[in-house]
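Per-entry structural report
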Amino acid sequence: MSLNFKKFIIAVLGAAFLASLLFVQWMELEHKKAESGAADAKVAIPANSEQCVECHSSTTAGIVDHWMGSTHAEKGVGCAECHAAEKGDADSFTHFGATIATVVTPLDCKQCHPLEFEEFTASHHAKGGNILHSLDNLLAETVEGHREPFNPHGVIPGRPDILEVNGLASAYTGCQQCHGSKLALLDKDGGKITVDELKPDADGKPTNTAAMDRIKKNPDGKPLFHPSTWPNTGIGRLNLDGSRGSCTACHSRHDFSPRRARQPENCGKCHLGPDHPQKEIYEESKHGIAYRDLKDELNLDAAKWVLGEDYSAAPTCATCHMSGNVNNGGRITHDPGERISWTNRPPVSLAMDTDENHKVIKETDPAKRRALIKDSAMDKRDRMRTACQVCHTPDYLDAFYKQYDDFVVLYNEKFAKPGKDIMGALKSRGLISKGNFDEEIEWTWFYLWHHEGRRARHGASMMAPDYAHWHGMYEVAERFYMELIPQAQEICHHAPEAKKADAEAVLALIEEILARPEHVWKSEFGKAQ
Amino acid sequence: MTDTHVPEEETRPEQPGRRSFLSSASTFLMFGGLAAGYGACAGVAGRFLYPAKPREKAWQFVVQIKKMKVGEALTYQIPGGEGVTVARQGSGETEADFIALSSTCPHLGCQVKWEARNNRFFCPCHNGVFDPSGKGVSGPPGDAEQSLPAYPLKAVNGLLFIEVPMDNFQVDAGSTLKSQTRRT
Amino acid sequence: MTSLAGWFRERFPFDGDQLRELTNEPVPNHLKRWWFCLGGTPAYLFVVQIITGVLLAFYYKPAPSTAYESVRYITEEAAFGWYIRGLHKWAATLMIAAVVLHQLRVFFTGAYRKPREINWMIGFLLLVCTLMAGFTGYSLVYEQLSYWGATVGANITDGVPLVGGFMKQLLLGGEVYNQNTLSRFFILHGAVLPVAMVMLIIVHLTIIRIQGVTELKFKEQEDEKEGHFNFFPDHLLTEIGIGLVLMIILSVLATVIPASMGAKADPLVTPEVIKPEWFFYVAFRWLKLFTGTVAILSMGFIMFMMFLWPFIDAWIRRRKPGSEASVWIGILGVLVIICLTVWEAAVAH
């Protein structure tokens, strides 16, 4: 092999080496490309939160880790921005030199998210705490529990320290974890100091200094919360600063992930079960089926998450009730009621015409009603339709809403209104007591509208046939014919002498109802036999 | 030192008289090939040693606009780094109504102070003076026509954001637990 | 230039001619066959290891809390880090392979015989150093294999009678793997072993230069007149060519089979399947075949025999002139090594 030939070979090998390095360079670019997509955004700990993170990454590492993954962390919003408090705040305390508060309320979030605050505050969600002392709460506080603590009936083996039965336990852990508690600081006497005692001004600062002095504090000066009211992330929480609700109900702390709020499981914490199984109804519907299958295509991490732009594979609860879509200019609302045209919550469904206070109008006189309407049910339906129309044609929607309206009206007219009339007549004529749930028929009626009637209507509203029918109208009908009517008649038949006339009147009402064409089948079938 | 020797070395085959074009061409090609291959390799090594990424920047939240009055200033601390004076100069709600100036003097790196009564930034190290827009007016920065570096600002929905370098003390977003599971 | 060169030469009294004279050994013609250049290959790879190793050391942080993260940084974030690390890993693999092949070539050509016994021994020490560098090297990544490999390795030394415990303590810097262990491995890998190898290589080459390369004649060569050719430039060009081929192979390997990262070391969990690098498969299988001290002592004895092989071979040949025993023993040894390696590779436990 000549020297010159060797040199040529070396030159060729050198070039080949260069070529292999070009391949390496190409791989490097691929690496970096892959990484820039996969890598998490970098976060820097804001200077004013550095101290917090330092301690809390070992004391409560989960909180810090969650926060690190949040958009807040990415944008430089640290602990201080939300937890900072002022000396005058009811629940503020000094924590390693910083004045902070434990509970972050919508007023804190409002600092940066004013629009979301306004919408949320106007929503029915924010009023979830109003059930305290309502019919529902009567169940938990009285029927299931007791409004006053009472003594255990004997020593509890293994737990002799428990000397008292908290009769409100069911209300605290049942009702209030969804509806929201009335947040309370611990009074030195063991009682509660709530927003009612603190009387906060418009900025949320308490005006009742006497109540402030009664707050029980730990040795470090940290005010203590009444354990029955905190922890609580109920959506209608009544906060110490006078604000209502809790943003973490949906945007769980401490990553406040929009991704999670976009998923039906998030709503499913509360919207499920026998009385309003929206989550299960959704799961049965074509929408929920598509969601389960196509979840990976939903682009749940998108910044805006506009239906028809960022995704279209399937709708979640948020898609229709809250999120933006291409037809509405990507307008998000934090008031789900803005797109709901029937309220199926009460015994008899009402068209969602709302007044200036966002209250459902009950006025029946057409002229007066028109005057009161600030936002009509059809306005709301049109908003909902912007989302529907990303996938469905207007004709399709017209027909769907016709089916839905027909169903609600059928329930209202055939069962709800008659049932309500019968119950009203029994009560007003003194045939049953004024109190609730002490008579069987009151449970019957409650089952009929609160459980079965809602299941039927929600099933119809969200396309779940089994809920509309078998879990719904079928059970409503059975409850109506087989329990409500016989029980009402029974009460009338056994009415005391003094109430005979009232009983006759109610029986006449029942007879009138059963003679209506939609009910007449029952007596006709009986005759045929 | 050996320039006289190198060609001789490379072309010292048995018969020096046959030093031909072919020989010098092959030598040239050989050195070309070697330089290309190893040169590129050295380049890769150099790139490896050079800091991996250019200074990354990110928009960070500073303050709610309505919380600052016209004429007010605050010190924003870049995560793990220097202070930045953010001042509101106009009553509007856009970024043009604010200015964010580094508080590090361009002369020798001391921290300048905002002196409200004199309407100026003052550097105590060598009596440097800057006007409210950050322009050097007297002292060493004035002589050298240096200004305080300005940081970009952005107003979004009533919130003021600043664009700052993120290479100080930055950590991976998401939990360490998460990043470990991601890797495995 | 001339004056500068003159100034320099006054202070450094060697010129190119002298240097060339010093290094330009006559190269036997059989080295025109590339497979006789296996001695130059590990030398070239050693240089690659030094350069890539120094580069990696710029980013590597030898402490249990930082080691894995720094290797991850090199692999995932630093520009070309994956490539440099890949080069280092693959050059190590090829270097061990080349050293072994070089040794086999020397063995089967009988090149270790008088007067070259000492150079065989030095070469054997270089093999041991290379293997130790491989062992300490993969311990630095601080992945599961690193941690448990180091632990197992240290406990093997513990099995050596009398000095074992002392050696283990010296290696780990304590009774068990601890905060000091990683920096010890790092210094062994990055300073002690390379310096020892550089010195051994210098001696190795000097002896070759003084004694000359063993001359072999092949049948078809017999009629060739001249038995030698020049180191400069002829053989040097061959070595340069081999170097480039190696760089291309390394680049392709580093790209196609990149150096990966296993799970981070967890002192609480020993992985289900724990295996050393392939070049320790033989030893690993041997340790499983025999128990504790027996395995270690027998392994030590075999190593010692290999170290002293030139003298053993001479002893055999004195007793039985013309004996081919060394070749048969060599073939047997190679077969055993291959079998044990394949066995270890094929089974999980």
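Residues numbered from 1 in each chain as written. Chains lettered and ligands numbered in written order. Predicted model: local features only at pLDDT ≥ 70, side-chain atom pairs only at ≥ 80, totals over all residues. Heavy atoms only, no water.

Along its length, chain A carries 23 helices and seven strands. Taking the principal axes of the C-alpha coordinates as reference, chain A spans close to 130 × 65 × 55 Å. Evaluated residue by residue, chain A yields a buried proportion of 44% over its 529 residues. When contacts within chain A are restricted to residue pairs at least 6 apart in sequence, long-range pairs at least 24 apart make up 57% of them. (Helix = DSSP H or I, 4+ residues; strand = E, 2+ residues; numbered from the N terminus. Buried < 20%, exposed > 50% of the residue type's maximum accessible area, 1.4 Å probe, protein only. Contact = heavy atoms within 4.5 Å.)

Residue and element names in this part refer to chain A. Counting through the fold element by element, His276 comes out in the loop between helix 13 (264–267) and helix 14 (278–284). Polar contacts involving the side chain of His276 include one to the main-chain carbonyl oxygen of Leu272, which spans 3.3 Å. When sequence neighbours within four positions are dropped, the list of residues in contact with His276 reads Cys270, His271, Arg454 and His458. (Polar contact = N/O pair within 3.5 Å; in protein donor to acceptor, adjacent residues only side chain to side chain.)

Another aspect to go through is the state of the cysteines. Throughout the structure, instances matching the rule amount to two disulfides over all chains. Note on cysteine connectivity: Cys178 of chain A is disulfide-linked to Cys270 of chain A, with sulfurs 2.1 Å apart. Between Cys178 of chain A and Cys270 of chain A, the S-S torsion sits near -100°, and that sign places the bridge as left-handed. One end of the pair, Cys178 of chain A, is in helix 9 (residues 169–179); the other, Cys270 of chain A, is in the loop between helix 13 and helix 14, with 92 residues separating them in the sequence. Between Cys110 of chain B and Cys125 of chain B runs a disulfide, and the two sulfur atoms are separated by 1.9 Å. What sets the handedness of the Cys110 of chain B and Cys125 of chain B disulfide is the S-S torsion sign, and at about -95° it is left-handed. Placement of Cys110 of chain B in the loop between strand 4 (98–102) and strand 5 (113–115) and of Cys125 of chain B in the loop between strand 6 (120–123) and strand 7 (128–130) is noted, with a sequence separation of 15 residues between them. Looking at the unpaired Cys320 of chain A, the closest cysteine sulfur is the one in Cys388 of chain A, lying at 6.0 Å. On the accessibility criterion, Cys320 of chain A (16% relative accessible area) is buried. (Disulfide = S-S within 2.5 Å.)

Facing the 19 residues of chain A at the interface are 21 residues of chain C. Of the roughly 1800 Å² buried where chain A meets chain C, counting both sides, 72% is carbon and sulfur surface. Ranking the residues of chain A by area buried against chain C places Ile10, Phe17 and Val24 of chain A at the top, with a combined share of 27%. Viewed at the interface, chain C and chain A are joined by zero salt bridges. Inspection of the region where chain A meets chain C yields three residue pairs in polar contact (both at pLDDT 80 or more). (Buried area = accessible area lost by both parts, 1.4 Å probe. Salt bridge = Lys/Arg side-chain N within 4 Å of Asp/Glu carboxyl O.)

With that settled, consider the sheet that holds strand 2 (residues 73–77) of chain B. Residue and element names in this part refer to chain B. Pairing within the open sheet is antiparallel, and its three strands lie in the order 2-3-4. Two strands close off the open sheet at either side, each with one partner strand: strand 2 and strand 4. The sheet shows a mean angle of 25° between the axes of neighbouring strands, direction not considered. The pairing of strand 2 with strand 3 (residues 83–88) spans five bridges and is classified as antiparallel. (Pairing = 2+ DSSP bridges. Axes fitted to C-alpha atoms, helices over the stretch in contact; angles between N-to-C directions.)

Time to look at the domain arrangement of chain A. All names here are of chain A. Assigned domains of chain A: these are domain 1 (57–104), domain 2 (114–249), domain 3 (258–391) and domain 4 (398–528). With 22 residues of domain 3 in contact, the opposing surface of domain 4 contributes 26 residues. Between domain 3 and domain 4, roughly 2300 Å² of surface is buried when both sides are summed, and carbon and sulfur atoms account for 59% of that area. Taken as a group, Ile281, Asn344 and Pro347 account for 26% of the area that domain 3 buries against domain 4, more than any other trio of residues on that side. In this structure, Asp405 and Arg381 form a salt bridge, with 2.7 Å as the shortest nitrogen-oxygen distance. Mapped onto the side of domain 3 that touches domain 4, the elements with two or more residues apiece are helix 14 and helix 18 (377–388). Across the side of domain 3 that touches domain 4, the residue classes break down as eight nonpolar, eight polar and six charged. (Domains from an automatic or database assignment. Nonpolar A, V, L, I, M, F, W, Y, C, P; charged D, E, K, R; others polar.)

Here we come to the pattern of salt bridges. All names here are of chain A. Enumeration according to the criterion identifies 33 salt bridges over all chains in this entry. Note that Lys205 and Glu86 form a salt bridge whose closest N and O atoms lie 3.6 Å from each other. Taken together, the positions of Lys205 in the loop between helix 10 (195–198) and helix 11 (209–213) and Glu86 in the loop between helix 5 (79–83) and strand 2 (92–95) put the pair 119 residues apart, joining distant regions of the chain. The exposure class assigned to Lys205 is partly exposed, which follows from its relative accessible area of 23%. Here Asp301 ties to Arg259 by a salt bridge, and the two come within 3.0 Å at their closest N and O atoms. Residue Asp301 is found in the loop between helix 15 (286–294) and helix 16 (317–321), and its partner Arg259 is found in helix 12 (residues 258–261); the two are separated by 42 residues along the sequence. With relative accessibility at 60%, the residue Asp301 sits in the exposed group.

Residue and element names in this part refer to chain B. Pairing within the open sheet is antiparallel, and its four strands lie in the order 5-6-7-8. A single partner strand is all that each edge strand has here, and the edge strands are strand 5 and strand 8 (136–138). On average, each strand axis in the sheet is inclined to that of its neighbour by 40°, with strand direction left out of account. Across two bridges, strand 7 lies against strand 8 in antiparallel orientation. Directly across from Phe130, in strand 8, lies its bridge partner Gly136.

What follows concerns helix 14 (residues 325–346) of chain C. Residues and elements named next belong to chain C. Compared with an ideal rise of 1.5 Å per residue, which puts 22 residues at 32 Å, helix 14 spans 31 Å between its outermost C-alpha atoms and is within 8% of the ideal. Taken as a whole, helix 14 has its buried residues at Ser326, Gly330, Leu340 and Glu344. Buried residues of helix 14, viewed axially, fall in a sector of 100°; they line one side. Seen from the open side of helix 14, the exposed residues pointing more than 90 degrees away from its buried face are Trp328, Leu332, Cys339, Val342 and Ala346. (Expected span 1.5 Å × (residues − 1). Arc of directions from axis to C-beta.)

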